[in-house]
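Here is what each chain is made of, one letter per residue.
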Amino acid sequence: MQYDFNRIEAKWQLYWAKNQTFKAENSSDKEKFYVLDMFPYPSGAGLHVGHPLGYIASDIYARYKRHRGFNVLHPQGYDSFGLPAEQYAIQTGQHPAITTEANIKRYREQLDKIGFSFDWSREVRTSDPKYYKWTQWIFIQLFNSWYNKGSDKAEDITGLIALFEKEGNSKVNAVCDEDTEVFSAEEWKRFSAGRQQEILLKYRLTYLAESEVNWCPALGTVLANDEIVNGVSERGGHPVIRKKMTQWSMRISAYAQRLLDGLEKIDWPQPLKDSQTNWIGRSEGASVTFKVLDSEQAFAVFTTRPDTIFGASFMTLAPEHELVPLITTSERKAAVEAYIETTAKRSERDRMADVKTITGVFTGAYAEHPFTKEPIPIWIGDYVLAGYGTGAVMSVPCGDQRDYDFARHFNIPIPNIFDGVDISEEAFADKEKTVITNSGFLNGLPYKKAVQRVIAELEKIGQGKGKVNYRLRDAVFSRQRYWGEPFPVYYDADGMPRMINEKYLPIELPEVEKYLPTETGEPPLGNATHWAWDIERSAVVSNDLIDHKTVFPLELNTMPGWAGSSQYFNRYMDPHNETEIFSREAIDYWQDVDLYIGGSEHATGHLLYSRFWQKFMYDRGWVPKDEYAKKLINQGMITGTSAFVYREEGSGKVISKGLITDKRVTPIHADVSFVNASDELDVDAFKKWQPEYKDAEFVLEDGKYVVGREIEKMSKSKYNVVNPDEICEQYGADSLRLYEMFLGPLEQSKPWNTAGITGVHGFLKKLWRLYHSGPNGEFYVEGASPSKGSVEDLSAESLKTLHKTIKKVEEDIENFSFNTSVATFMICVNELTAQKCKSRTILEPLAVLVAPYAPHISEELWEKLGHSESIATASWPTFNPEYLVESTKEYPISFNGKKRFTLELPADMDKEAIETAVMAHEKTQEQLQGRTPKKVIVVPGRIVNIVG
RNA sequence: GCCUUGGUGGCGGAAUUGGUAGACGCGCUGGAUUCAAAAUCCAGUUCUUUCGGGAGUGUGGGUUCGAUUCCCACCCAAGGUACCA
């Protein structure tokens, strides 16, 4: 009987769906195990072979855990708000909800074909109002919370208001805006309601603030860094400037230290932890206030090297620093303004990356040195970023290379404050060996003592203090987009934001005519005509009714992509609950995620924000764990082989790869589906696909157009995607699953090449044949079965093969080394085939071992073995080491570390006996050629090495 | 620039604590079967060689009886870098 994978796979997929085989219950005698995948964004291109990589791995793990007797929660859903659907809507006018729905349908079909053991009854979609109701709910809770540094957690804002009423804010130990003024209880009570709200905003965990954005005036919209190429918009090539905008922010900085500390108790990959650690960027130092000479102004800098304060020969402010226009002298004004304008065009990343070009301008103003009272020139330079620290730097050229280069470039003096150190060529940044000189009261002190001393002196004169600084900035939470969660926010008569009462959630996304920003530059929701909040009717009403008395305008921004993904893992525990985000029982049972698999590209986005929300939820008592995922694995990405055609600069001719020689060409992506295995392009298909090349001249070599090839991340935008559907069709889902695992280690990136799939497919056929040794390839196994009894011929060899496979596969799954277990299965089947094994005692456990990897074929074989229940209910075979005991060991005999021959010796032979046996061997004498070895290393069970 | 990861045959990769480098699969070569093909099976396949052997895990150095594995320096590629998700 043939291995008819198409029939078998369809049969079992239907069976699993009908019987709800993988539905998880919220209570069980079994121990719980929660396996989570990062849910996909349903793009129009459909699923490509890179997506399922992590899903297959987690599915294997989830299935394995079921065999080991756990109650497994393995849900899936869609991160269905996002930019591509909106972009498509702008281009076609099609509502994003419609395209998203269609894309989800396609994703689901594709996912179903691969045979995942998801509990689909728990599916969530972030763009579903039933889901985003709870995203809005969390936003309100954040708004109604402040961070109490005393208790080191988030608390209800009513507690803060009570404190203000009792004692003002001077003794309140809270995380708040830097510019928060001090007031007494009496003053608080006298403030207007609007004023009070304004002050509370400085404490709330989500608040309105000015933040910088990439503004593209031509497109009238804010762009992601991703959408900007070489300083201009990717679409259309328009200029982009950085501009300040009032937006919602999340006070994630309040959690900086806890986010750092929490990393120690979770089993996440070290590189990912490093990423988060660097992102949070804790540094210890001091905050120092400098007065501006001949002015009322002063500014603060943060420095990790306050000990070098006597070496400061200039100050550098970020060009965007608020003080710049206030202190610039009239004769420097033109130069400063010109410089600011140039900087506004550069992206932050550009400014950070570019260390070679040194630019800056002198403002004409001077700061006063807090101790020497000497004037210090104040410069601006774009290597200082406004958003980092205070946006101002105390420049000490002798101790910092960037300051050194800047000083050299502008001929600013470089005073040396390090004893016996030559700074004529470069700055000296070594803290450990530092002894300070030319520094008044710091002379002769080493680094640590100097830091302590200078901080004490600064505190004495009220111009500084020791400080821990974090690089982590508060997260901007507004997006000027349509396809995202609307805020449950309206603006009152004072223009202050107000939350809509929880019981009226969700506030649903309004319909708009077009998805672009309005002509006045408002976000797309500004196009909605029905987008006002009536506080009497508690309903969204027409904008015409806005009177700022009972009907108010609603927020026009929407939430960012990460809003919906920051708590979805908890919502899966109780996804249909309409009265709570999840029930107490559900969260108490499932607790947290035991295994989370997803890409490392989310390290400092989703994976940091979700930890922040979880800690907030924990503080407010809604979840029992302050870290939501015990273990996390990063799957590597799959790279594809992109194809390029080459357009000659100037002529516009498209030149075959071999004819480029020294011509100047621009490589352009060609869809890989137009290219055959010999790298020849179907020119007509290409022209049809990209009409702008319809009339272009294609210069051929030997009558063919040959493309260039390059390995890149597999992505729709690079036109190098390979779809899993065809592989499922041609080889089956089990082959696809095995092949994706067989490609290489889960965590590494690896190329996709379908050529090798015949290998794993051949293995499945061989596995099938092992159970079909009867006449005409009928199913046949020997041994007692539930239905009929027969005698089996069980060999010690087969038992050994089986048990070494059990051992290896078990270790592999526990270590997430799925590629090596596929190889192990192949060896096992090759050996059993050679042994002509037909024994049920071997073949039954083998089916269970294979089941997590290739579930369809295993189900079919399991059924044929006479079982009436799904193989998912079978328990994992038990490894018995007795079958693996060896009586001899083949020793490699090395001379000076190089193996020359091997020698079989009894496994239990001791060190001395091994040495004697080896030295007596003729080949040893042959190798030595009469020399006496200096030393003989014998490691019993491992190796013999003869030196000399 | 900074942070992170990786570099082993023609290709994907294996080598779990420093102990037989190249498991397993693809591809290729030869053979069996076949009218032929597909499928299947068998044998071989790191390079080099005067057939004794010699060299070999990005490059250069180091530690060690022994290094793909540990240390130092460098080269190359990929990912991230705060509004792609």
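Keep in mind the model is a prediction, meaning the values are calculated, not measured. (Residues numbered from 1 in each chain as written. Chains lettered and ligands numbered in written order. Predicted model: local features only at pLDDT ≥ 70, side-chain atom pairs only at ≥ 80, totals over all residues. Heavy atoms only, no water.)

A word on the state of the cysteines
Logical step 1: Summed over the entire model, instances satisfying the criterion amount to 0 disulfides.
Logical step 2: For the unlinked cysteine Cys837, the closest cysteine sulfur is that of Cys828, found at 8.6 Å. (Disulfide = S-S within 2.5 Å.)

Some details on the domain arrangement of chain A
Logical step 1: By domain assignment, chain A separates into domain 1 (31–123 + 256–279 + 563–637), domain 2 (282–470), domain 3 (488–557), domain 4 (642–713), domain 5 (748–883) and domain 6 (886–947).
Logical step 2: For domain 3 and domain 5, the distance between their C-alpha centres works out to 61 Å. (Domains from an automatic or database assignment.)

Topic: a negative patch on the surface
Logical step 1: Taken together, the side chains of Asp908, Asp910, Glu912 and Glu915 make up a negatively charged region of the molecular surface.
Logical step 2: The topology assignment puts Glu912 in helix α27 (residues 911–920).
Logical step 3: Owing to a relative accessible area of 55%, Glu912 belongs among the exposed residues under this scheme. (Patch = residues over 30% accessible without salt bridge, like charges linked within 9 Å, V, L, I, M, F, W, Y side chains within 5 Å. Areas by Shrake-Rupley, 256 points an atom, 1.4 Å probe, with all protein chains shown as cover. Salt bridge = Lys/Arg side-chain N within 4 Å of Asp/Glu carboxyl O. Lys, Arg positive; Asp, Glu negative; His and termini not counted. Charge placed at Lys NZ, Arg CZ, Asp CG, Glu CD. Helix = DSSP H or I, 4+ residues; strand = E, 2+ residues; numbered from the N terminus. Buried < 20%, exposed > 50% of the residue type's maximum accessible area, 1.4 Å probe, protein only.)

Some points on the protein's contact with RNA strand B
Logical step 1: In the vicinity of RNA strand B lie 66 residues, with Asp79, Ala224, Arg349, Leu743 and Lys808 positioned nearest.
Logical step 2: Restricting attention to atoms of RNA strand B within 4 Å of the protein, one finds that 61% of them are sugar or phosphate atoms.
Logical step 3: Within the contact set of RNA strand B, a base nitrogen lies 2.7 Å away from a side-chain nitrogen or oxygen of Gln247.
Logical step 4: At 3.5 Å, a backbone N or O of Ser478 approaches a base nitrogen of RNA strand B. (Near = heavy atom within 4 Å. Polar contact = N/O pair within 3.5 Å; in protein donor to acceptor, adjacent residues only side chain to side chain.)

Topic: the layout of surface pockets
Logical step 1: By volume, the second largest pocket amounts to about 1,100 Å³.
Logical step 2: Along the walls of the second largest pocket sit 40 residues, with Tyr383, Tyr388, Val393, Asp400 and Arg402 positioned nearest its centre.
Logical step 3: Counting residues per element, the ones that place at least two in the lining of the second largest pocket are β10 (282–292), β11 (298–303), α13 (348–353), β15 (392–395), α14 (401–410) and β16 (464–470).
Logical step 4: Here the lining of the second largest pocket takes 5 residues from α14, the largest share from any one element. (1 Å grid on protein atoms, 1.4 Å probe; cavity = no way out; pocket = protein on both sides within 12 Å on 5 of 7 lines; lining within 4 Å. Points joined across faces, edges and corners; volume = space filled by probe spheres on them.)

With respect to the UniProt feature "binding site: ATP" (unreviewed entry) in chain A
Logical step 1: Residues annotated by UniProt as "binding site: ATP" (unreviewed entry) correspond here to Lys716.
Logical step 2: Its place among the elements puts Lys716 in the loop between β29 (708–713) and α20 (724–731).
Logical step 3: Dropping the residues within four chain positions of it, Lys716 is found in contact with Ala45 and Val721. (UniProt positions renumbered as here; feature names shortened; annotations may be inferred. Contact = heavy atoms within 4.5 Å.)

Comments concerning the pairing of strand β24 (residues 632–635)
Logical step 1: A two-sided burial pattern is seen for β24, the buried positions comprising Leu632 and Asn634 on one face and Ile633 and Gln635 on the other.
Logical step 2: Taken together, the 4 bridges between strand β23 (residues 595–599) and β24 define a ladder with parallel strand orientation. In the sheet register, Ile597 faces β24, and the bridge partner there is Ile633.
Logical step 3: For the crossover that starts at β23, traverses helix α18 (residues 606–619) and ends in the parallel β24, the hand is right-handed. (Pairing = 2+ DSSP bridges. Right-handed = clockwise from strand over helix to strand, strands pointing away.)

Quick look at the pattern of salt bridges
Logical step 1: What the rule picks out here adds up to 45 salt bridges.
Logical step 2: For Arg737, the salt bridge is made with Asp59, and the minimal N-O distance between the two is 2.8 Å. In this pair, Arg737 sits in helix α21 (residues 733–742) while Asp59 sits in helix α2 (residues 52–67), placing the two residues 678 residues apart along the sequence. Here Arg737 matches Asp59 in class, with each residue buried.
Logical step 3: For Lys333, the salt bridge identified is with Glu337, shortest N-O distance 3.9 Å. Of this pair, Lys333 and Glu337 both sit in helix α12 (residues 333–344), 4 residues apart, which is roughly one turn of that helix.
Logical step 4: What you see here is one network of salt bridges that share partners, running through Asp4, Arg7, Lys11, Glu860 and Glu863.

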